[in-house]
Amino acid sequence: MDPTRPFGYRTGQNTQQESIAMSSHGPARPMSSLKSAPLRGEALVPGDKSISHRALILGALSVGETRISGLLEGQDVLDTGKAMQAFGAKVTRIEAGEWRVNGVGVGGFQEPSDVIDCGNAGTGVRLIMGAMATSDITVTFTGDASLRARPMGRITDPLALFGTETTGRSGGRLPLTMKGAKNPIPVCYKTPMPSAQVKSAVLLAGLNAPGETVVIEAEATRDHTERMLAGFGAEISTEIMAEGRVITLKGQPELLGQTIAVPRDPSSAAFPVAAALLVEGSEILVPGIGQNPTRNGIFTTLIEMGADITFENERIEGGEPVADLRVRFGPLKGIEVPPARAPSMIDEYPILAVIAATATGPTVMRGIKEMRVKECDRIDAMARGLEANGVRVEEGEDYLIVHGMGAVPGGATCKTFLDHRIAMSFMCLGMAAEKPVKIDDCGPVETSFPDFIPLMERLGAHFRKENG
Ligand code: S3P
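Criteria and thresholds
Residues numbered from 1 in each chain as written. Predicted model: local features only at pLDDT ≥ 70, side-chain atom pairs only at ≥ 80, totals over all residues. Heavy atoms only, no water. Helix = DSSP H or I, 4+ residues; strand = E, 2+ residues; numbered from the N terminus. Rg over C-alpha atoms; globule rule 2.2 N^0.38 Å. Contact = heavy atoms within 4.5 Å. Lys, Arg positive; Asp, Glu negative; His and termini not counted. Charge placed at Lys NZ, Arg CZ, Asp CG, Glu CD. Pairing = 2+ DSSP bridges. Axes fitted to C-alpha atoms, helices over the stretch in contact; angles between N-to-C directions. Buried < 20%, exposed > 50% of the residue type's maximum accessible area, 1.4 Å probe, protein only. Disulfide = S-S within 2.5 Å. Domains from an automatic or database assignment. Buried area = accessible area lost by both parts, 1.4 Å probe. Salt bridge = Lys/Arg side-chain N within 4 Å of Asp/Glu carboxyl O. Near = heavy atom within 4 Å. Polar contact = N/O pair within 3.5 Å; in protein donor to acceptor, adjacent residues only side chain to side chain. Areas by Shrake-Rupley, 256 points an atom, 1.4 Å probe, with all protein chains shown as cover. Parallel < 35°, antiparallel > 145°, perpendicular 65-115°, else oblique. Left-handed = near helix turned anticlockwise from the far one by under 90°. Nonpolar A, V, L, I, M, F, W, Y, C, P; charged D, E, K, R; others polar.

Asker: Describe the overall build of the protein, with residues and values.
Answerer: On a plain count of helices and strands, the protein comes out with 13 helices and 26 strands. The C-alpha atoms of the protein give 21 Å as radius of gyration, which agrees with the globular expectation for 468 residues (23 Å, within 12%). Along the first, second and third principal axes, the C-alpha set of the protein runs to 60 × 45 × 45 Å. Considering only residue pairs separated by 6 or more positions, the protein has 76% of its internal contacts joining residues 24 or more positions apart. Seen as two clouds, the 47 positive and the 56 negative side-chain charges of the protein have centres 2 Å apart.

Dropping the structure here:
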């Protein structure tokens, strides 16, 4: 990374998802993935994206210095760091993964002098909206073509209950301008969909409201915000009741800067893990992977499919459970994934669909409607790409069924729609398919896994740059 440009840079985007030809970093960079020899070695995947965003935001909302190690230096997180700087925090990169944030304290956000551009990051923009919603400032948010197409009403609706006012495009989409509540009132909010982003936005807004803010979620979603708020000194509790998880936060705490070791991202680990499961003769080690039970559904699912994964050296790092994963190739069978597991592996369904294509029998994934509002409509993107490569799929509003056939023909080009996880999933498919699988743009991997291509090549992957 260029240290003189600590927050990276981006160029403009098209607005139509179907016609996106530019990546987040300029012209699209097509790439092919060819059948791979057995994978060997150690895969050091980057820091957890969810925890990295939260470390920067909570650091900015604290008094004193927050020291972060293992921060993901992907574009999404860099955009959040840049935003925190615009709100008045001092954000400094010391060396790779090692960052310092000197915060402004709860209620201390300044009004940014320019538009906040969160790039591709749904988590970034939604959490930052929550963090500023109860400060008396006005902020305009935007993002790339993917982010501008995503629904924001799920965030602006609960924030309006605090007294926040928002004007956006139709459907509440970006760009939008948010006027923070001058005299915020605390809120009790039941999330209408399983979303850690919605939950977190409400909790972050509740920080600068007097009294208690309560969030009720029917299904457990990732709980990094709750864990980290407690770590920064907030009074926060979670009770399991008949209606779900009831999370209560006492407003207007003084958060104090912390030392945070970010664990490696289970969502990023899923790609080398999948590749080792797909490519015959492989055995790899994926060290230090977060095993928070609200995040590790993919590993439970893979083991049910017959995957040979062992969890070694289980430990607690930075307040999160962590393990080294040893993964060996072996035949997998299709299964029905319990819908209740969806929130704990929502970002992993694209790569699961690829694994399912090489397994025997159908893999049934239900209760996954939320996949349709991610960086792209991921059910559609996976269904179209798999079909093009000779895999039979069935899809509906909230389900995807992949009919595994052992061998995948391959040979097609997949559209990635500015979605990092779609890009990495099809790169993994090519490693096991009979003919190369091409993606129209590998640029989006920069958002969450900047080293994906060299890391996979070091394990033995065979990727080839293409000319369009
Ligand atoms: C995230 C929550 C999930 C997930 C996203 C990261 C977070 O989104 O898909 O990649 O860090 O809170 P939803 O909250 O929309 O499910």
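Picking up where we left off.
Asker: So, the sheet that holds strand 12 (residues 188-190): which residues are in play, and what are the values?
Answerer: Taken in spatial order, the four strands line up as 12-13-15-14 in an open sheet, and their pairing is mixed. Sheet topology places strand 12 and strand 14 (236-241) at the edges, where each strand pairs with a single neighbour. Strand after strand, the sheet turns through a mean of 15° between neighbouring axes, direction not considered. With six bridges connecting them, strand 13 (residues 212-217) and strand 15 (residues 244-250) associate as antiparallel partners.

Asker: Which residues make up helix 7 (residues 224-231), and what values do they have?
Answerer: For helix 7, the complete set of buried residues consists of His224, Thr225, Glu226, Met228 and Leu229. Remark: glycine 233 follows helix 7 within two positions and exhibits a positive phi of approximately 110°.

Asker: Tell me about the pairing of strand 22 (residues 392-396), residues and numbers included.
Answerer: Note that strand 22 and strand 23 (residues 399-405) share five bridges and pair antiparallel. In the strand pairing of strand 23, glutamate 395 is matched with leucine 400. Hairpin connection of strand 22 to strand 23: two residues between the antiparallel strands.

Asker: Any chance you could break down the environment of isoleucine 439 for me, citing the residues and the numbers?
Answerer: As for its placement among the helices and strands, isoleucine 439 is situated in strand 25 (residues 437-439). Relative accessible area serves as the criterion here: at 0%, isoleucine 439 is assigned to the buried category. The sequence separation of isoleucine 439 and glycine 41 amounts to 398 residues, and the corresponding C-alpha distance is 25 Å. The residues touching isoleucine 439, leaving out its near neighbours within four places in the chain, are Pro30, Met31, Thr413, Cys414, Thr416, Ala423, Phe426 and Met427.

Asker: Now, about the state of the cysteines: what can you tell me, with residues and values included?
Answerer: Enumeration according to the criterion identifies zero disulfides in this entry. The cysteine cysteine 376 is free of any disulfide, with cysteine 414 supplying the nearest cysteine sulfur at 12 Å. Given the relative accessible area of 1%, cysteine 376 is considered buried. Of all cysteine sulfurs, the one in cysteine 428 lies closest to cysteine 442, which takes part in no disulfide; the gap is 13 Å.

Asker: Hey, could you go over helix 5 (residues 153-162) for me, with residue numbers and the actual values?
Answerer: Most of helix 5 is tucked away: seven of the 10 residues are buried. Taken together, the buried positions of helix 5 are Gly153, Arg154, Ile155, Thr156, Pro158, Leu159 and Phe162. On its buried side, helix 5 packs onto helix 3 (122-132), strand 10 (165-167), strand 11 (176-179), strand 12, helix 6 (196-206) and strand 13. Phi for glycine 163, located one or two positions after helix 5, is positive at around 110°.

Asker: Lay out the domain arrangement of the protein with the relevant residues and their values.
Answerer: Taken domain by domain, the protein comprises domain 1 (16-48 + 263-465) and domain 2 (49-260). The interface of domain 1 with domain 2 comprises 29 residues on the first partner and 26 residues on the second. Area buried by domain 1 at its contact with domain 2 is led by Asp48, Pro343 and Thr447, which between them contribute 23% of it. At the surface where domain 1 touches domain 2, the tally comes to four salt bridges.

Asker: How would you explain the site of the ligand if you had to name every residue and give the values?
Answerer: Lining the immediate environment of the ligand, one finds Ser50, Arg54, Thr123, Arg154, Pro194, Ser195, Ala196, Gln197, Arg222, Ile346, Asp347 and Lys374. At a separation of 2.7 Å, an oxygen atom of the ligand approaches a polar side-chain atom of serine 50. Arginine 54 places a polar side-chain atom, nitrogen or oxygen, 2.7 Å from an oxygen atom of the ligand. About the coverage of the ligand: the protein hides 95% of its 380 Å² of free accessible area. Contributions of two or more residues to the shell around the ligand are made by helix 1 (49-60) and helix 6.

Asker: Lay out the packing of helix 11 (residues 378-388) against helix 12 (residues 420-432) with the relevant residues and their values.
Answerer: If you want to describe how two helices pack, look at the angle between their axes and the distance between the axes. Between helix 11 and helix 12, the least distance of the axes is 11 Å, while the angle of their chain directions is 25°. When the interaxial angle is binned, helix 11 and helix 12 end up roughly parallel. Viewed along their axes, helix 11 and helix 12 form a crossing whose handedness is right-handed. Along its contact with helix 11, which presents Arg378, Ala381, Met382, Gly385 and Leu386, the element helix 12 presents His420, Arg421, Ile422, Ser425, Phe426 and Leu429. The residue inventory of the contact of helix 11 with helix 12, partitioned by class, reads six nonpolar, three polar and two charged.

Asker: Summarise the pattern of salt bridges; cite the residues concerned and give the values.
Answerer: Under the definition given, this model contains 36 salt bridges. Note that arginine 384 and glutamate 387 form a salt bridge whose closest N and O atoms lie 3.2 Å from each other. In this pair, arginine 384 and glutamate 387 are both assigned in helix 11, three residues apart and thus about one turn of the helix distant. Assessed through its relative accessible area of 36%, arginine 384 is described here as partly exposed.

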